[in-house]
Amino acid sequence: MLAPVFAVAALTLLQGAAAQSSKSSSAVHASGSTRSSSSHVSSHASSATAPPLQSTVSQIVVTTAVATPSPSAGALLPSQAALPPTQSWCPSKIFCAGPLLQTLNLAGAYADPKTIVDKPTSKRPQTVLNDFSALPGNTTLTEGAVVTFLENDFSGEGQELMAVPLPGFEVTPAFLDNVTDSTVKAFAQTVHGYWNSLVRGTNATALCDGVRCESSLVPLNHTFVVPGGRFREQYYWDSFWIVEGLLESRLYAIANDTLQNFMDELERFGFIPNGGRIYYLNRSQPPLFIQMLARYVAVSNDTSVLKRALPLAERELTWWQTHRTVNVTSPFTNKTHAMARYSVTNTAPRPESYLQDYTTVHDPSQPALNDTQAAALYAELASGAETGWDYSSRWLTNVTQGLRALNVRGTLPVDLNSILYKNRVLMAQLYGNSNSGAAARHRAAAAALKEGVLDLFWDSTKLAFYDFNLQSKTRNELFSAAHFYPFWSGIIPKEVLANSTNAFGAFAALNLILNRYNGTVPVTFIETGLQWDAPNTWPPHQYIALQALRALPANVTKGALPTPSQGAGSFSLIPPGQLGLPESQLPVQAMSNSNASTEGAAADVNTLPNGAGVINGGNSSASDGWAVVLEKQLANRYVASALCSWHATGGELAGLLPRLSDQDLNVTQSQNNTGNAGFGWTNGVLLWVSSTYGASLVAPQCPPLVAVAPAGSQSASASASSSAGPAPTNGNTGAALGLRAPSALLLGALLACVLVCIRLFIRFPTLLDAGVVAAAPTIKLDSGTFVGTASSSNTQSFLGIPFAQPPVGDLRFRLPVANSPYTGTHTVNEFGPACPQQAVKLPVLSGFPQEVIDFVVNSAFGVIFPSAEDCLTVNVIKPSSATSTSKLPVVVWIFGGGFELGSPSMYDGVPIVQRSIKMGEPVIYVSLNYRVSAFGFLASKEVRAAGVGNLGLQDQRQAFRWVQKYIGAFGGDPSKVTIWGESAGAISASLHMIANNGNHEGLFRGAFMESGSPIPVGPVRPSLDHAAYYDAIVKQVGCSSAADTLACLRTVPYSALKAAQDASPFIFSYQSLILAWLPREDGTFLTDAPQKLVQQGKVANVPFVTEFSQYVRSVWLPQASTAMTTTLQQVYPNDITAGSPFGTSILNAATSQFKRLAAFQGDAVFQAPRRFFQQSRSGKQKQWGFISKRLKAIPFLGSFHVSDILNIYFDGELTDHLINFVNKLDPNGDTVANWPAYTTASPNMMTFQDSLLFPTTITQDTFRKDAIQFITDLTLQFPI
């Protein structure tokens, strides 16, 4: 497992990851720490809690790994060993051992072999096999050919699962009342909130059926909690501690669902597999289902579950009895016992760890193995995974020989048999009087197991439990955390029950750990480099050690904690021979500049003077017995491990624990993180500890990060923290679409469109990425260095790079000024602020408090998208593999928002870049900021005379120039730039095609426009009140008497200017799309009305893709004659069945004129200009058109404006069309339906519609022909 999420700086790192029992990796995380110069986390005994947490559905960011083998694309694959036998339990020819899987693994396309078997196929299984068979033979197969095969035939891993909500989630669960320390309480509440990020359900729409595609996932019928990170499925023994946490959080329904999933598997397979993939179907894990069941019933009082559960629990016990139990005659008593072991039937590499297993068996530095030996080693590797401890020196016959010395099947594990004993005891209790015969049967089985455990595993001299070796017929001598399992299970030897001296002797190793090391209970004291050896520790073992202490009777735990004699250390208190190592061979605690002593009192570096306990061990009272003291110390040490590591990865608690500095967070590469969310069992144990020991927990001292980070390390396992304490007009208004008083339902729809829909496009940081954080990427521009962020596993983001000087002060209302050459180092990992936004004014029903609603909406908008005048920035998202020589095509996104609001931070370009990588057509995504509303589109005779009109468009143009100058450093090709926008962004793109009389300056080679074309606007005309908005601002800010009003506007305070702007009409005002602030013919950027420029042929020749009476007369066409408006009424009749949303009959008529005006405005602003533009350019340049009719069932809105963005930012067909166009200037490709070009003779429109069978079709651009032509003629004559 790759990263310790909740690690602590110590010998014993707390690994916050799910069990490696099937989740394979050989990474080891060890880091020293110092006890000096520790900072203190502020602590107060109060009822303070963390800020309220949301109980919403967490977004899963599905990061798809990209095949990136180390060798070059032309390198040949290494030669292969003979294929292993086919495994009957795993029949898939794609995801199980066979030629395909072995070839893909030997190619080393992914750093993690599990990625290969977690990717569903994107084609029919037989097609995938045929494509594989068509590859060249082993002697000529190249890395590049394998990568192409993977990209063409497999889709993204993890897409079969989805986040699910937690109904009734309690923000402040009852267990928090047990916690008295404010910092610990706030942290526990934060961890409690992480359940919202770890609960999953099966996404039925993405499942493979074995015909259309094939997947390794075993679908589950109920929700569950994932371990986290790369472990996307449910795992068996992890779930015990997850359920413990769920019960503390009172999430009983999720705990029940977890049990139901296991019961489903028992019914289907006869046992509970290691995890939820087909490649786990030959092995189980430590059998804790019955213990989960008993805990659930005890806490929830839900006994109804037993009717189904008890027969299935019997089935699991029978499986372990039948498949994993052997008879053993004790060499100590000559008695024969039926005892269980881990023993998997397997003769091939594990699919999820194929390469590691293959390499272990075929290691060229080791003696060659024959087929029988290889098969035996594969069985040992799989059996080790079944233990949950893969791998540990505990299973080795010779530590120096590594995994080739595995002897899992030849070992009787003390922990497994202790678990089975407790299962029998609990079954007897669950049956109770309802089935006395079954209860008696289980009590007898429990007694037999207890006798075997004490006979075979207990060493009464050393006062410790050890595994039994079936080959040597004796106990092993290696001491491990398995020693605590019998105590936890209720098996307490008579020697321990005899007196407190022996009882302490059985736990003296725990006392040594707390005094000698900074962390918690290690797996073993042997350092082998294996995950389940020193220095690593795991959350379940801390729980088990605590429960073991709690299981001791009071009569042997009352005495004081023993202390060593003068000059001796804690090692002297351990019974001779118990650890199997002399003191000098124990692992050494690392210090900041040296190592601790290896022997004597000097080795106990965590012992506090004067009997005050241990560092981060909390406080004990004089009346506490030795066992209670150890419990409190270990509980506090676990909390310290978790909290300090979370803090070290960017976590903070408001008013209690401030965020670390970037210098500190750089040690863990967490500058952009908010605290790793932990794995399921890490969090479960934390919540249980908080609930059980809450009154004894105190805020920890966290070692300083910089001091403990090893030189050159990419991560550290300690945290630094600083001291922290508690922190000192009513009436109707005109409405959109000409409505005087919109219905409540329409108001809800408008709210959704403005706030909710826009919010969907933002990329939220995920709490699931618990792996190692990649090093921050850097780019050199001029003499400056820009430090970005790894935005996903295969993309890098550089956000908020200034492309022009701040347009403030005297540069306000001036053309953008290019930056001076960059110097210095800049961190660019967050979007820059939005440019000043127009205040949102929603149409509100009579009687509603307009001012209050506007305040709430704009406050929320301001928080989500903070704005400032200094806003001219660009954002670049690139494939991680792109270099300055890659020459990739570039797509530049221009956001929409009616030229009144918007920001590039509303849209996440990462999925687009990821999809392009998947398609084998990688692109670089650029988004830009530009001035909007009055700041960007001020219009008046003064503005025209100064040559500073259309500043928002000029900002965009300057950003294009920045792309030309700098995009090569990111791997982009400046000669392959496509500009792309939606709504106002699409209109902008079209206006760039006609700007400067059609001279695009070589800034782009193509345009992709969604819902926007050259709009019918003209110059500022006093007769149409265009200048009234400028004059109103001048008057409101006190510049009316100035000789140069424009110069005066540059001097007024920002807040005053913003308030004056916000007083102008908004898009939802009565005049609707006749916006106050629009691009205008300014004589510079636009030398004539846009549509006239099109008529004149002044258009950049680049390929592109695009998508009442009184009201009309007064707002839209005041210069039109009565005859013209009469004709307009005829082509847009007063017939609700003919209005927009079209094709919805009498539905969606919010008012009598709603659908009529919606049809007119939609055609006037979008359809008519688009058709005019396309028909005018037909035969002159390549072009394609589309129309989206999806989401038509949405009340009142139908296929609402901007809804097509969902089809592109959320991995729809338009995503692929866009990527194809950016790469080839043609939207067609292998992954999408054919899209014919648009011509006057054949005006083809790719039509996206709500249909499962026919989601796309080709229609002709002839709808509403007379009406649209009439509008076109009108707006050519009378531009708005």
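Residues numbered from 1 in each chain as written. Predicted model: local features only at pLDDT ≥ 70, side-chain atom pairs only at ≥ 80, totals over all residues. Heavy atoms only, no water.

Draft legend 1. Layout of the packing of aromatic side chains. All chains considered together, the criterion is met by 49 aromatic pairs. Between Y485 and W488, the aromatic rings sit 5.8 Å apart at their centres with planes inclined by 75 degrees, giving edge-to-face as the arrangement. Residue Y485 and its partner W488 are located together in helix α15 (residues 485–489), separated by 3 residues, close to a single helical turn. Look at W488 and you get buried, because its relative accessible area is 6%. Both rings, one in F504 and one in W626, keep their centres 5.5 Å apart while their planes meet at 90 degrees; by these two values the pair is edge-to-face. Of the two residues, F504 is situated in helix α17 (residues 500–506) and W626 in helix α20 (residues 626–648); the sequence distance between them amounts to 122 residues. Through a chain of ring-to-ring contacts, the aromatic side chains of W237, F240, W241, W389, Y485, W488, W532, W538, Y543, W681, W688 and Y693 assemble into a single cluster. Against the face of W389 rests R394, its NZ or CZ located 4.4 Å from the ring centre. (Phe/Tyr/Trp six-rings, centres within 6.5 Å; stacked < 30°, edge-to-face > 60°. Helix = DSSP H or I, 4+ residues; strand = E, 2+ residues; numbered from the N terminus. Buried < 20%, exposed > 50% of the residue type's maximum accessible area, 1.4 Å probe, protein only. Lys NZ or Arg CZ within 6 Å of the ring centre and 35° of its normal.)

Draft legend 2. Quick peek at the pattern of salt bridges. Inspection of every chain in the model, using the stated rule, returns 39 salt bridges. A salt bridge links R324 to E386, with the shortest nitrogen-to-oxygen separation between them at 2.9 Å. Of this pair, R324 sits in the loop between α10 (306–323) and β6 (325–329) while E386 sits in helix α12 (residues 371–387); the two residues are 62 residues apart in sequence, bridging distant segments of the chain. As far as burial versus exposure is concerned, R324 and E386 are alike and both buried. As a salt-bridge pair, E869 and R812 come within 2.9 Å of each other at their nearest N and O atoms. One end of the pair, E869, is in the loop between α25 (850–864) and β20 (873–879); the other, R812, is in the loop between β18 (795–802) and β19 (823–827), and 57 residues separate them in sequence. A single burial state applies to E869 and to R812, both of which are buried. The network of salt bridges with common partners includes K114, D118, E160, R232, E233 and R277. (Salt bridge = Lys/Arg side-chain N within 4 Å of Asp/Glu carboxyl O.)

Draft legend 3. The environment of P219, seen in detail. Structurally, P219 can be placed in the loop between β4 (199–202) and β5 (224–225). The class for P219 is partly exposed, based on a relative accessible area of 37%. Between the C-alpha atoms of P219 and R277, which are 58 residues apart in sequence, the distance is 8.5 Å. Ignoring anything within four residues of it in the chain, the contact list for P219 reads T202 and L207. (Contact = heavy atoms within 4.5 Å.)

Draft legend 4. A look at the packing of helix α19 (residues 539–551) against α20. Closest axis-to-axis distance for the α19/α20 pair is 9 Å, and the angle between their directions is 160 degrees. The orientation of α19 relative to α20 falls into the category roughly antiparallel. Here α19 runs over α20; the crossing is left-handed. Judged by residue contacts, P539, Q542, A545, L546, L549 and R550 of α19 engage W626, A627, L630, E631, L634, A635 and Y638 from α20. Counted by class, the contact of α19 with α20 contains 10 nonpolar, 1 polar and 2 charged residues. (Axes fitted to C-alpha atoms, helices over the stretch in contact; angles between N-to-C directions. Parallel < 35°, antiparallel > 145°, perpendicular 65-115°, else oblique. Left-handed = near helix turned anticlockwise from the far one by under 90°. Nonpolar A, V, L, I, M, F, W, Y, C, P; charged D, E, K, R; others polar.)

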